[in-house]
Amino acid sequence: MFLEENVGGFDLVLRTLFGTLGITVLAMNLIKSSPLKWIVALIAFTGLYSSILRHCTPYVLLGINTAKKK
């Protein structure tokens, strides 16, 4: 399967936390520099996206799996 779950546990919590924190920082306009805003937005998006799908493509390439085996 192409999007097999490979993110779980502590890793999943950190991705969700960083994504939520990034969105909050951007919503409160705490960052004034435009290039830094794009970096924070990219981190927030990828963190939330990978935590919702529970899939990380670099993990597939590196052979890492933090999800519990079923």
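Throughout this document, residue positions are counted from 1 along each chain, in the order its sequence is written. Only residues with pLDDT of at least 70 get local features here, since the model is predicted, and only at 80 or more are side-chain atom pairs given and counted; chain-wide, interface and lining totals rely on the full set of residues. Only hydrogens and water are set aside; all other atoms, that is, all heavy atoms of the structure, feed into the side-chain values.

**Regarding the packing of aromatic side chains**
Note on aromatic pairs: each is described by the distance of the centres and the angle between the planes. Stacked, tilted and edge-to-face are the three classes assigned to paired rings of Phe, Tyr and Trp, where Trp is represented by its six-membered ring and a pair needs centres within 6.5 Å; plane angles under 30 degrees give stacked, over 60 edge-to-face, the rest tilted. On inspection of all chains with the given rule, the structure shows one aromatic pair. Relative to Tyr-49, the ring of Phe-45 lies with its centre 5.5 Å away and its plane at 20°, an arrangement referred to as stacked. Of this pair, Phe-45 and Tyr-49 both sit in helix α2 (residues 34–53), four residues apart, which is roughly one turn of the helix. Classification of Phe-45 as exposed rests on a relative accessible area of 53%. Distance and angle both matter: a charge sits over a ring if NZ of Lys or CZ of Arg is within 6 Å of the ring centre and within 35 degrees of the ring normal. Positioned above the aromatic ring of Tyr-59, the side-chain terminus of Arg-15 is 5.1 Å from the ring centre. Where helices and strands are cited, they refer to DSSP runs of H or I of at least four residues and of E of at least two residues respectively, numbered from the N terminus. For every residue, the accessible area (1.4 Å probe, protein chains only) is compared with the maximum for its type, and the residue is labelled buried under 20%, exposed over 50%, or partly exposed between those bounds.

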